[in-house]
Structure formats: structure tokens, C-alpha cells
Amino acid sequence: MGNLNLLLMSNEDLVNALRSGSLTVSVYGMGYVGTAIAAVWLRAGARVIGVDVDAEKIKKLDACELKLSDRQVEEELRRLKDRISYTTDGVEASRLSNVKIVTVPVYLGKDKRPIFDSFKASIENIARGLKVGDLVIIESSVPPGTTMDVALPILERISGLRVERDYALAYSPERIYVGRAIADIEERYPKVIGGVGPISSRVASTLYGAIARKGTLILSNPTAAEFEKLAEGAYRDVNIALANELAQLARLLGLDFDEIREAANSQPYSNIHKPGPGVGGSCIPVYPYFLMYAAERAGFNMKLVQTARGINEYAPAYVAELIKTAAGELGVSRPRVAVLGLAFRGNVDDTRLSPSYDIINYLRGSMDIIVHDPYVKFDKTLEEWGIRLTNSIEDALKGANIVVIATDHSDYGGLTLSRIIQLTGLSSIAVVDSRHMIKDWRNPPPGVVYLAVGRPTAKA
Ligand SMILES: NC(=O)c1ccc[n+]([C@@H]2O[C@H](COP(=O)([O-])OP(=O)(O)OC[C@H]3O[C@@H](n4cnc5c(N)ncnc54)[C@H](O)[C@@H]3O)[C@@H](O)[C@H]2O)c1
Ligand SMILES: CC(=O)N[C@@H]1[C@@H](OP(=O)(O)OP(=O)(O)OC[C@H]2O[C@@H](n3ccc(=O)[nH]c3=O)[C@H](O)[C@@H]2O)O[C@H](CO)[C@@H](O)[C@@H]1O
């Protein structure tokens, strides 16, 4: 790392420093996002230091042994391993780097309020190694005001440096979709930047402008950029809630919501989302609460956002009711239920806040459950609940009275009702399809009852 003063360098010199490998970037939080960010800066030419508190993860990353959901990120970290190192020492990493990127989460507590401890700890470490000429970019999704009211005071108090004079500070939300993260950053989206002042905005947007082909969108300040990210998430949550509510009515009216949705979305102003078993992941179910946290402090009540959250948090119970209806149709008092999918969405191994847990929790007292997921190899919660997790679909379906499709993994797209009943080995079963993965649902084979979110019940 050269002793670079990024604030005094021209745009051309900033880009040259990036491309030539004389710029060192430390990334705090080597999770789904941090590993993708590290890969992207490596590909742009930087030297990178990956920082995490999880020593086991650091050890595996250092040995190129950490299996990532995003295979391209995994491959790039391996291909460019000569320019990246990993450490648990966040202070040293800050001393040795010119740019510090924070992807450590602000977590959500059981009381639905933000927990800043981990985030603050990473900022404190950065502050202890902060030097004149450095740039700090916060990319975690945070309640509006966090950069200005939480991070900035810590950085200045501990380092004694002054933002815009001695160092640069910006907020830039991450918008990656795990599984295609590098393309999302480099090709798909403009990078939103909110600098504390014009110098911070210039330095951050010049460097990210050399990475994101769609360029950068500079907003007035960090709080606007924080708010933008949460607005995207709340938009999605509200629209998923609308889809779930419309689907529930469609089922009561004996209608197939899929064809209705497709027809409605043929109108460019309509973007009705997909109904499902609920909203999981570490993002969409969390961001509305970050907005409500800021709203509460401003004396404002976000009625729509709150109502939508409630609808989506009820969705797993709705699916559990469908499963209980299925058990009634079969006349089986303690059915064996195969739940297909533990991850919160298709083709990832991420189970954070997955609706599958809620569905299983509603049923596990009265039904015998087995869970299948092609990506999740082990799960502590299922182990505590005494519920078996298998990666074999044959193993999961054998003897299952009820088969529940809870996650839209592509692996399930090829399943037909005939194949499912064949794999159960039974003459009478029910299929509860919360993701509309079954194509031949309208004409079930003998012995199959098909129930779904947003579709009428179908039986032979
Ligand atoms: N996962 C996504 O799809 C996604 C997409 C966009 C934005 N985000 C946001 O990005 C942030 C990170 O999300 P993620 O999914 O990568 O989380 P993650 O849980 O996968 O990774 C977070 C990492 O931070 C580490 N960590 C915790 N405290 C630390 C500390 N004090 N210092 C250094 N490392 C520490 C953890 O050990 C973990 O490895 C969150 O704010 C999230 O909302 C996530
Ligand atoms: C605004 C937006 O798009 N942001 C994306 C989102 O990505 P994500 O990884 O959180 O995944 P989603 O696809 O949002 O799914 C969340 C849950 O909602 C369910 N769902 C989804 C669509 C639908 O029509 N019906 C549903 O029921 C789905 O099954 C899953 O449980 O947040 C990331 C972090 O901020 C972003 O970076 C990323 O751009």
C-alpha cells in the first residue's frame, strides 16, 4: 500500500492507482456481500485485505477452501489469490489500506429494532487505523442516518481526523443478488454514492465509476443513499404482500393467480410480484423495520409498510393451514410431511429468516417432518428440533403423505405430480405447492390432491 492521499489525487491518478495495484482496499465482513465486493475490487486491479471476526471463515478463505453460493465469486477469489490476504485484525487492515469498505450487518433484534454492535465494532477498528488521505465506504444496509450519526462520530472521535479535510467518507448501498453478484456490480446497476461532502463523493464515485459500467448516481448525502436502499426493499416487500393478498382472494374465487398476474403485467405500469410462503433473507424482511425505526424517531407512522410486513409474516401460517387442509382431505391423523426447500429463495444456500422454518414450526407438533434442500448441507435449528435434513429427493419423498414445495429451487422445476406420487410409493398423497413449481397441476393423476397458494384445489 502506498501512502496515498486520495483526497488530493486527480480522478485520473485515482483510477491509475486502482488499475496499477498500488491501491489497497480492506473489506470488513467476508459474507455473501463482502466476498463479492472483494472479488470486484480485485478484478479492477486493487490489492485487497478481507477482514472478518470469524477466524474459521478467515482460515478457509486463506486456504481457498470456503465454498460460496456464488460460484463466480469463489472462482475469482481463487484466481486472484495473490493480491488478497485475509485477517481477523481489523485495526491492522485499516492501517495497511487506503480504502476501507464496510459490509458488516446492522442486525435486527427479536424486538424488531436495529442492533449496531457488530457494525460499530468494525467502524472502531477502522478508526484506529485511519490515516490522512483514506476513504471509508459503508455498504451495509442501515437505518437512515447511520453514517452521519453513528459511523462519523466514531471515526472522528477515535482517529482525531476531520472528514473532508483529512479523510473521505461515503455511503454506497449494495444491490447484489447472490448468485450473480459480480455482474450486478460491474454491469447491471449504477453504483449509488452518498458522500459526506463533495470531496468524499468525488473520490468514491471516481473509484466506483472505474468498476461499474453503468457509472455512479451521486445523491445529496449519505442519508439519502441509505434511504434509497431501504426504499427499494420496502417497495419489494409491499408488492409481495399485494401479490400474497391477491392470491388468497384468487384461490377463494377458484381462479389461477398466475394467469391473472401474467395478464396484468402485460400492462407496462403493472409489476405484480409472485405470491409465496413468505419473505425471507437478511434483507427484504428487515429493511421495513429500519425505515419504521427512523419513522418512529421522526414521529411518523408508516401504515402501509407495517401492514405489508404483517401480511408477509402471516404467509407461512397460511401455507400451514393449506397443509392441515390437505391432511383433512387425506384423512390421515399424523401425516408424514416432506418439506422441499429450506433456503429462503431458489438456488442459494442462505436460510436466514426463511419462511420454511415458520411453516415447519407450525406443523412439527402434529406431523412427522423431513426436509429436503439441494444446497443446505446442515442446519442447527432442524437438528435442535430433531428434524432430518436430506439432500436426496428420493429419501425425502419415500412414504410422504404430504409433499410441500417451500423454496423455488430449480431442482424442483422438473417434478411432475406423477413422479412425486411414484417416489412416495403411496396410493394417495397431497401436494402443497407454495411456489407454483408444478406445471401439470390442473390434471392430477389418480390419488393426488393438489393445493397451492393462489390456485384452486385440484384432484383426480
Ligand atoms: N445477502 C445479500 O443478498 C445482500 C445484498 C445486498 C445488501 N446486503 C447487506 O449487506 C450486509 C452484509 O450482508 P451479508 O449477507 O453479506 O451478511 P453475512 O452474514 O453473510 O456476512 C456478514 C459477515 O460479517 C462478519 N462480521 C460480523 N461482525 C464483524 C466485525 N465486527 N468485523 C468484521 N466482520 C464482522 C460476520 O462474521 C460475517 O462473515 C448487510 O447489511 C445486508 O443487509 C446483503
Ligand atoms: C429490491 C430487491 O429486489 N432487492 C434484492 C433482494 O434480494 P434477495 O436476495 O433478498 O431476494 P428476493 O428475490 O428479494 O427475495 C426475498 C424473499 O421474497 C420472496 N419473494 C420474492 C419475490 C417475489 O415476487 N415474491 C416473493 O415471495 C423470496 O422468495 C424471498 O423469500 O434484496 C437484496 C438485499 O438488499 C438486494 O441486493 C437484491 O437486489
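Just so we're clear, the structure is a prediction, and the values are computed from it rather than from any experiment. (Residues numbered from 1 in each chain as written. Chains lettered and ligands numbered in written order. Predicted model: local features only at pLDDT ≥ 70, side-chain atom pairs only at ≥ 80, totals over all residues. Heavy atoms only, no water.)

**A look at the domain arrangement of the protein chain**
When the domains of the protein chain are assigned, the result is domain 1 (6–220) and domain 2 (221–460). Inter-centroid distance (C-alpha atoms) of domain 1 to domain 2 is 34 Å. Tallying the contact residues gives 30 residues for domain 1 and 26 residues for domain 2. Carbon and sulfur atoms supply 62% of the area that domain 1 and domain 2 bury against each other, a total of about 2,400 Å² over both sides. Joining domain 1 to domain 2, the criterion identifies three salt bridges. (Domains from an automatic or database assignment. Contact = heavy atoms within 4.5 Å. Buried area = accessible area lost by both parts, 1.4 Å probe. Salt bridge = Lys/Arg side-chain N within 4 Å of Asp/Glu carboxyl O.)

**What to know about the sheet that holds strand E8 (residues 168–171)**
An order of E3-E2-E1-E4-E7-E8-E9-E10 is seen for the eight strands of this open sheet, with the pairing classed as mixed. Only two strands of the sheet have a single partner each, and these edge strands are strand E3 (84–87) and strand E10 (216–218). Across the sheet, the axes of successive neighbouring strands diverge by a mean angle of 25°, strand direction being ignored. Looking at chain direction, E8 and strand E9 (residues 191–195) are connected through two bridges and run antiparallel. (Pairing = 2+ DSSP bridges. Helix = DSSP H or I, 4+ residues; strand = E, 2+ residues; numbered from the N terminus. Axes fitted to C-alpha atoms, helices over the stretch in contact; angles between N-to-C directions.)

**Here we look at the site of ligand 1**
Residues in close proximity to ligand 1 total 26 residues, the closest being Val33, Asp52, Lys57, Ser141 and Arg352. Between ligand 1 and the protein, one listed contact pairs an oxygen atom with a side-chain N or O atom of Lys57 at 2.7 Å. Ser118 places a main-chain nitrogen or oxygen 3.3 Å from a nitrogen atom of ligand 1. Coverage of ligand 1 by the protein chains reaches 89% of its 830 Å² of free accessible surface. Secondary-structure elements contributing two or more residues to the shell around ligand 1 are helix H2 (32–44) and helix H6 (117–129). Considering each element in turn, the shell around ligand 1 owes the most residues, three residues, to H6. Counting contributing residues, the shell around ligand 1 receives three or more from each of domain 1 (6–220) and domain 2 (221–460). (Near = heavy atom within 4 Å. Polar contact = N/O pair within 3.5 Å; in protein donor to acceptor, adjacent residues only side chain to side chain. Areas by Shrake-Rupley, 256 points an atom, 1.4 Å probe, with all protein chains shown as cover.)

**Things to note about the site of ligand 2**
Taken together, 19 residues form the shell around ligand 2, and within it Ile176, Tyr177, Arg236, Cys283 and Phe344 come nearest. Between ligand 2 and the protein, one listed contact pairs an oxygen atom with a side-chain N or O atom of Tyr177 at 2.7 Å. When isolated, ligand 2 has an accessible area of 740 Å², and the protein chains bury 88% of it. Among the elements that take part in the shell around ligand 2, helix H10 (residues 222–252) stands out by supplying four residues, more than any other. Partitioned by chemical class, the residues of the shell around ligand 2 number eight nonpolar, three polar and eight charged. (Nonpolar A, V, L, I, M, F, W, Y, C, P; charged D, E, K, R; others polar.)

**Re the packing of H2 against helix H8 (residues 181–188)**
Interaxial distance between H2 and H8 falls to 9 Å at its minimum, and their mutual angle equals 50°. Put simply, H2 runs oblique to H8. Helix-helix and strand crossings are classified by hand; for H2 and H8 the assignment is right-handed. Facing Ala36, Ile37, Ala39, Val40 and Arg43 of H2, the residues of H8 in contact are Ala181, Ile182, Ile185 and Glu186. (Parallel < 35°, antiparallel > 145°, perpendicular 65-115°, else oblique. Left-handed = near helix turned anticlockwise from the far one by under 90°.)

**Overview of the nonpolar core**
Trp41 and Leu77 are the most contacted members of the largest nonpolar core, which has 51 residues in total. When residues of this core are assigned to their parent elements, the largest contribution, eight residues, is made by H2. Here Trp41 is in contact with Leu18, Leu23, Val25, Ala46, Val48, Ile101, Leu207, Tyr208 and Ile211, once residues within four sequence places are set aside. The next biggest cluster of nonpolar side chains, apart from the first, holds 40 residues, and it includes Ala93, Ile123, Tyr289 and Met292. (Core = buried A, V, L, I, M, F, W, Y, C linked by side-chain atoms within 4.5 Å. Buried < 20%, exposed > 50% of the residue type's maximum accessible area, 1.4 Å probe, protein only.)

**A short note on the sheet that holds strand E12 (residues 368–372)**
On the basis of which strands lie adjacent, the open sheet formed by seven strands has the order E13-E12-E11-E14-E15-E16-E17 and mixed pairing. Strand pairing shows two members of the sheet lacking a second neighbour, strand E13 (388–390) and strand E17 (455–459), which therefore form its edges. Going across the sheet, the axis of each strand differs from the next one's by a mean of 20°, ignoring polarity. Inspection of the sheet shows strand E15 (residues 429–433) paired to strand E16 (residues 448–452) by five bridges, in the parallel sense. Following the sheet pairing, Ala430 is matched in E16 by Val449.

**So, the pairing of E16**
Each regular strand carries side chains that alternate between the two faces of the sheet. Taken across its five residues, E16 has five buried, putting it largely inside the fold. Neither face of E16 is left uncovered, since the one carrying Val448, Tyr450 and Ala452 and the one carrying Val449 and Leu451 both have all their residues buried. Relative to E17, E16 is paired through three bridges, and the arrangement is antiparallel. Note on E17: the bridge partner recorded for Tyr450 is Ala458. Hairpin geometry of E16 and E17 is characterised by an intervening segment of two residues between the two adjacent antiparallel strands and by a positive phi of about 75° at Gly454.

**Notes on H10**
Compared with the 45 Å implied by 1.5 Å per residue over 31 residues, the 46 Å span of H10 between its first and last C-alpha is a close match. For H10, the N-terminal cap is Asn221; the gap from its side-chain oxygen to the backbone nitrogen of Thr223 is 3.1 Å. Backbone geometry just after H10 places Gly254 at a positive phi near 70°. (Expected span 1.5 Å × (residues − 1).)

**A short note on the pattern of salt bridges**
Applying the stated criterion across every chain, the model contains 32 salt bridges. Note that Arg180 and Asp184 form a salt bridge whose closest N and O atoms lie 2.9 Å from each other. Accessibility expressed as a relative area gives 29% for Arg180, which makes it partly exposed. For the salt bridge of Arg455 with Asp256, the shortest nitrogen-to-oxygen distance reads 3.4 Å. Of this pair, Arg455 sits in strand E17 while Asp256 sits in the loop between H10 and helix H11 (257–264), placing them 199 residues apart in sequence. There is no split in this pair, since Arg455 and Asp256 are both buried. Beyond isolated ion pairs, a larger network of salt bridges with shared partners links Arg43, Glu76, Arg79, Glu186, Glu187 and Arg213.

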